[in-house]
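Topology and contacts: notes
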Amino acid sequence: MESSTGVLVIGGGSTGTGIARDLAMRGVDVTLVEKGNLTHGTTGRMHGLLHSGGRYAVSDQESAKECIIENRILRDIASHCVEMTGGLFVQRPQDSDEYFQKKLEGCRECDIPAEVLSPEEAREVEPYLATDIERAIKVPDGAIDPFRLCVANAVSTENHGGRIETHAPVTDVLLEDGEVVGVEVTHESGPGKRVHGNEGQTEKIYADHVVNAAGAWTGRIGDMAGVDIEVRPSKGVMTVMNARQVDTVINRCKPKGDADIIVPHETAAILGTTDEEVEDPEDYAEEQWEVDLMIEELKELVPILDESRTLRSFWGVRPLYEPPDTGTEDATDITRQFFLLDHDDRDDLPGMTTIVGGKFTTYRMMAEQLSDHVCERLGIDAECRTAEVPLPGSENTGVLDDAMDQFGLRSPIARRSKQRLGSRTEEVLDVDGPNPVVCQCEGVTRAELVDAIDQSGTDLNAVRLRTRASMGNCQGGFCSRAMADLLHPEYEEAIAREAYDELFQERWKGERHALWGEQLSQAMLNYALHATTLNADSDPARLGQDVDFAAFDGGESASAERTGTGADAVATDGGHDGD
Amino acid sequence: MAIEDDVLVIGGGLAGIAAAVGAHEQGARVRLVSHKQSTMRQASGLIDLLGYTPDGDGPVVDPFEAIAELPEGHPYERAGLDAVRAGIDMFDDATGEMYAGSHTDKNALVPTHGGAIKPTARYPDSAAPGIASANGDTLFVGFDSMIEFDAPVAADHLAATGVPYETDGVTIEFPGNLRDDAKVTRFAHLLDRDDEVAVDGTTMPVRTALAERVKEHADGHERIGFPAVLGDDHATEVRAELADRLGASVFEVPMGPPSLPGLRLEDRLYEYLHEIGVRVSTGNPIVDVEQVNGEIDRVVGDHTGREVPYKAQQYILATGGLVGKGIDSDREGVYEPVFNCHVPHPADRYDWFEDGAFDDHEFARFGVPVDTELRPIDADDAPEYENLRAAGSVLGGYDFPSEKSGSGVSLATGYAAGELAGDRV
């Protein structure tokens, strides 16, 4: 199978989808390929902080300035993905006054609104802050939903005629006469909408230009093209709490360190993070000490975290980039700047540009610069419009407030649905018949799940990320099977069963890192509900096992017939006796 | 002054109830104290003895045969096979016609609400007509507002397990204007009362209306299964009327929480305790324990801030496992919170679990180890207290979700612990 496109983008994270949208809006024919689901790599494994730039205001002012510019733009164009929580940089007694002052001045130098709060004022904002804090700096940090943002970018790309191809890992970079002319992908098919090709089929996609935006995997793509890209993957843990202990982003006001941030996110709070270089972006240890460190360190800022319920932990890998010969020893010292590597200039290999490094908050700016670069290469004269045109779902959210009653949704479910759906609320919720809540923890209704299935097919993990269903306290214990049921009858029962298993196992993977106290009880309950009540672990259909039905109890009447004592045998047959 | 009894049972689930009955039958004066609602309402209402061996063999046809082969340390081995028989006999006496399965030692295969089949020893009368190990073309009926049971999925799944009969599923609108997320008890109470509901511009009793809606799909099916919401107080009557109107036997498919079969069972068993004269105090946790010379002297209950002492000669711990919080944990370790009995567990938290959701998890076996008199033992295998026994999910050394042995262990160890305690007073 072969096809051709104008620009081929590798990587379905924020950078890749941002680039695809930017180019598509400029009228360029774009195809994006992603090895897994959208956000499969780094983007789906971040803590969801919309930086004000305050974090970099001392160490990296260039990044800080970019952050505050993009922070303002994203609030505009992606309002349904952003919650402006505000943020605090909190000083503890042992943290230096000098650094606090530098942070404050740094913010001001970078045009980041910053205000000093007394300990009393800070605790008025966040009552659970430790009583011995010295003071805090208030900045416009926020929370952002990376998955919703990527999906919106992908939808916009498709709306502008682009092609988004997930579950299609690049298996080769095509070279002709010393030039990159495209890539080969293998379609990893599942049923449903996850693919355009057939399972196992390879496709050569020829392109005028290839963009390598594969994040922590950029080096792998470089290897296929025969160029050296020194990505240094660095892992970080994030621990999810079951409630929002804080409603504001809380940063520790000290120079870089592990476990120094809490981000409130929807119904949860996320503790982060560590920063440790790893060899392989796909295979690294997920260790107990990392989880313990989050709680031990951050309880210094917010003491109730010590007794709070932890739901799960997950790890992400940053695609840090080190320009050649910089020789940084410590991964935490590597810059958060992003880099465009034009392989024609750099390696004498025309036809491909790599974008690497950077931060989620500045994804749009990165996409703009990369798109400018590619357009110049291709001689295309078109303006970037992504800073002005809202993403799908983000237009006119204000007018939706009155429209909720007609969907039969009661607050707070209505409010949550509307926040998730933005301007698509009416289209999604306007269904015939009842619209019960399927995920109680997160208040997700059937209509939203059906809509997400329409978008993403049988991949319930994609459905989960679009809706948050199965992401609350019970971690899918109560809703994962009901979510899978919704795939039927469009997909056959065996596929629904497989999808349920995949989701349940995925939820388990993260929950393992939170197995003590309440969440261990929850894990045991989930195990009991699925193994005992549903017999999902030993289900003969799942195991492909033949069962000799006749060897088992055939009911009282059957056994009475066999033994010849059938006179009163139907007495307990509930179908026929009276009351 | 303490409240004084011969035997004090702490915990109000299946094990605690069985223990109270066992002690009572030995002539002891018995009190049962429980803190929270029991986990029965979360369970399906099926009484599993043993469906799979600890090695994973199964489904087991004869659970009694398999129980006789269990390794040392398994709660069934500790209590002994006679205790298993005695415990299940007690259950049969207490529940009477409400439960079926006692006519044979064999397990029945029951369809779950997901459509898989599950081996079980006793099943509610309401589920009896639907057992998958009895033949009969089957129609499942689900309600479009109820997400817990998707009838077409369950029917297709049941077919995929290879049952030798036809299965079909249909989803209908439940008559009457119930809210989209009405609780299962709302359905049951509506059917209990047989309220008039508005249907197609007229009104009629809800059972009639429901049967009318199902009728057009009923043709040819010998049995028709509904989610387990067919009445609470008048469940038998509701089913009988639907069966009559539909010309087929009618059954319920057991579901997860909140489980009406579980609630009905809990009601019946507490009624039984009342009938035989066991005293019951609910809603109060035990917060303190006083011991004298290696024996429990008395325990202290917290009655909304007021401390109330309970004194007995013999005590039975039946507070449940990780789900019921009879076993608790923190980042440092696993413990039994009432008597602080020894709970063996790996020191490293990352050894408590395995990578796959249904793998062989160590945490599933967390609980107190006991001697053959069901007394919790310490790290040196000596009894923690001479007059303390333990029963049910608080016991360690077995993986009830994988074995499908939870109810059976509760009944066997509960009844045996009760008998032993009652015998000592």
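Each chain has its residues counted from 1, following the order in which its sequence is written. Chains and ligands are labelled sequentially in the order written, the chains with letters from A and the ligands with numbers from 1. Given that this is a predicted model, residues contribute local features only at a pLDDT of at least 70 and side-chain atom pairs are listed and counted only at 80 or more, while totals for whole chains, interfaces and linings are drawn from all residues. Water and hydrogen atoms were dropped before computing side-chain values, which therefore reflect all heavy atoms in the structure.

Naming follows an unreviewed UniProt entry, where chain B appears as Glycerol-3-phosphate dehydrogenase subunit GlpB of Natranaeroarchaeum aerophilus.

An unreviewed UniProt entry lists chain A under the name Glycerol-3-phosphate dehydrogenase, with Natranaeroarchaeum aerophilus given as the organism. Heading Pathway (unreviewed entry) of the UniProt record for chain A holds this comment: "Polyol metabolism; glycerol degradation via glycerol kinase pathway; glycerone phosphate from sn-glycerol 3-phosphate (anaerobic route): step 1/1." Turning to chain A, the UniProt record has this under Sequence similarities (unreviewed entry): "Belongs to the FAD-dependent glycerol-3-phosphate dehydrogenase family." UniProt positions are given in the numbering used here, feature names are shortened, and annotations may be inferred rather than shown by experiment.

**Considering the overall build of chain A**
Helical segments are the DSSP runs of H or I of at least four residues, strand segments are the runs of E of at least two, and each set is numbered from the N terminus. Within chain A, the secondary structure is distributed over 18 helices and 22 strands. Relative to a compact globule of 579 residues, whose C-alpha radius of gyration would be 25 Å, chain A shows 26 Å and is just as compact. For each residue, the accessible area found with a 1.4 Å probe, counting protein chains only, is set against the maximum for its type, and the residue is called buried under 20%, exposed over 50%, and partly exposed in between. For chain A, the residues scored as buried account for 63% of the 579 residues in total. Whether two residues are in contact is decided by their heavy atoms: any pair within 4.5 Å suffices. For chain A, the proportion of contacts with a sequence separation of at least 24, taken over those separated by at least 6, is 70%. The accessible surface values rely on the Shrake-Rupley method and a 1.4 Å probe; as for residues, cover is taken only from the protein chains in view. Counting only carbon and sulfur atoms, one obtains 45% of the accessible surface of chain A, whose full area is about 21500 Å². In chain A, 54 positive and 109 negative side-chain charges are present, and the distance between their average locations comes to 4 Å. Note on method: radius of gyration uses C-alpha positions; expected globular size equals 2.2 Å times residues raised to 0.38. For this count, His and the chain ends are skipped, Lys and Arg are scored as positive, and Asp and Glu as negative. Charge placement uses NZ in Lys and CZ in Arg. For Asp and Glu, CG and CD serve respectively.

**Remarks on empty space enclosed by the protein**
Space inside and on the surface of the protein is sampled on a 1 Å grid over the protein atoms alone, with a cavity defined as a set of points where a 1.4 Å probe fits but cannot get out and a pocket as an open set with protein on both sides within 12 Å along at least 5 of 7 lines; lining residues have an atom within 4 Å of a point. Grid points are joined across faces, edges and corners, and a volume is the space filled by probe spheres set on the points. Summed over the entire model, instances satisfying the criterion amount to four cavities of 30 Å³ or more. Looking at the largest cavity, its volume works out to about 70 Å³. Forming the boundary of the largest cavity are Gln475, Phe504, Arg507, Trp508, Glu511, Ala523, Asn526 and Tyr527 of chain A together with Ala357 and Phe358 of chain B. Counting only elements with at least two residues in the lining of the largest cavity, the list comes to helix 15 (493-511) and helix 16 (517-533) of chain A. For the lining of the largest cavity, the element with the most residues is helix 15 of chain A, which contributes four residues. Lys, Arg, Asp and Glu make up the charged group, whereas Ala, Val, Leu, Ile, Met, Phe, Trp, Tyr, Cys and Pro make up the nonpolar group; the residues left over, Gly among them, are polar. Taken together, the residues that form the lining of the largest cavity break down as six nonpolar, two polar and two charged.

**Some words on a negative patch on the surface**
Residue and element names in this part refer to chain A. Each patch groups residues whose relative accessible area exceeds 30% and which form no salt bridge, using 9 Å between like charges and 5 Å between nonpolar side chains of Val, Leu, Ile, Met, Phe, Trp and Tyr. One side-chain nitrogen of Lys or Arg within 4 Å of one carboxyl oxygen of Asp or Glu is enough to make a salt bridge. On the surface, a cluster of negative charge is contributed by Glu115, Glu120, Glu121 and Glu124. Considering each element in turn, the negative patch owes the most residues, three residues, to helix 4 (residues 119-125). Along the polypeptide, Glu124 turns up in helix 4. Look at Glu124 and you get exposed, because its relative accessible area is 69%.

**Thoughts on the sheet that holds strand 9 (residues 167-172) of chain B**
Residues and elements named next belong to chain B. Pairing between two strands is assigned when DSSP locates at least 2 bridges connecting them. Pairing within the open sheet is parallel, and its four strands lie in the order 9-8-12-13. In the strand order of this sheet, the two ends are held by strand 9 and strand 13 (249-253), each with one partner. Averaged over all pairs of adjacent strands, the angle between strand axes in this sheet comes to 25°, irrespective of strand direction. Summarising the sheet, strand 8 (residues 138-143) and strand 12 (residues 223-227) pair through three bridges and their orientation is parallel. Directly across from Phe140, in strand 12, lies its bridge partner Gly225. Here, axes are lines fitted to C-alpha atoms. For helices the fit covers the stretch in contact, and angles between N-to-C directions go from 0 to 180 degrees. Along the sheet, helix 8 (residues 235-246) contacts strand 12 and strand 13; its crossing angle with strand 13, the most-contacted strand, is approximately 130°.

**Considering helix 9 (residues 363-378) of chain A**
Residue and element names in this part refer to chain A. Taking 1.5 Å as the rise per residue, helix 9 with 16 residues should run 22 Å; its terminal C-alpha atoms sit 22 Å apart, in good agreement. The set of residues buried in helix 9 consists of Tyr363, Arg364, Met365, Met366, Ala367, Leu370, Ser371, His373, Val374 and Cys375. Just past helix 9, the residue Gly379 takes up positive phi, approximately 70°. A helix's residues, less one, multiplied by 1.5 Å, set its expected span.

**Notes on the nonpolar core**
To qualify as a nonpolar core, a set must consist of buried Ala, Val, Leu, Ile, Met, Phe, Trp, Tyr and Cys residues joined through side-chain atoms within 4.5 Å. Core analysis: the largest hydrophobic core is formed by 167 residues, its most contacted members being Ile10, Ile262 and Met483 of chain A together with Tyr76, Phe339, Phe363 and Val368 of chain B. One finds Phe549 of chain A together with Phe143, Phe149 and Ile224 of chain B within the second-largest nonpolar core, a separate group that totals 50 residues.

**Some words on the confidence of the model for chain A**
All names here are of chain A. Summary of the metric used: pLDDT quantifies the predictor's per-residue confidence within the range 0 to 100. Per-residue confidence for chain A gives a mean pLDDT of 88; residues scoring 70 or more make up 91%. Under a pLDDT of 50 for its full length, residues 398-406 has, in the predicted model, eleven contacts with residues more than four places off or in other chains. Contacts from residues 562-579, a stretch scored under 50 in pLDDT, to residues over four places away or in other chains number 34 contacts.

**Here we look at the UniProt feature "domain: FAD-dependent oxidoreductase 2 FAD-binding" (unreviewed entry) in chain B**
According to UniProt, the positions carrying the feature "domain: FAD-dependent oxidoreductase 2 FAD-binding" (unreviewed entry) are residues 6-409 of chain B. Span residues 6-409 of chain B is 26% helix and 22% strand, its end C-alpha atoms 24 Å apart.

**A word on the state of the cysteines**
Only a pair of cysteine sulfur atoms within 2.5 Å counts as a disulfide in this structure description. Inspection of the entire model under this criterion finds zero disulfides over all chains. Looking at the unpaired Cys474 of chain A, the closest cysteine sulfur is the one in Cys441 of chain A, lying at 3.8 Å.

**What to know about the interface of chain B and chain A**
Contacts between the two partners involve 88 residues from chain B, matched on the other side by 73 residues from chain A. Buried surface area refers to the total accessible area, computed with a probe of radius 1.4 Å, that the two partners give up upon joining, counted for both partners together. It is Ile147, Arg331 and Phe358 of chain B that lose the most area in chain B upon contact with chain A, and together they represent 13% of the buried surface on that side. The interface formed by chain B and chain A holds seven salt bridges in total. Of the charged contacts in the structure, one is a salt bridge between Glu518 of chain A and Lys325 of chain B, with a shortest N-O distance of 3.6 Å. N or O atoms within 3.5 Å of each other form a polar contact, as long as, within protein, one can give a hydrogen and the other can take it, and as long as residues adjacent in sequence are counted only when both atoms are side-chain atoms. Our count for the chain B to chain A interface comes out at 31 residue pairs in polar contact (both at pLDDT 80 or more). Grouping the constituent residues of the side of chain B that touches chain A by class yields 40 nonpolar, 23 polar and 25 charged.

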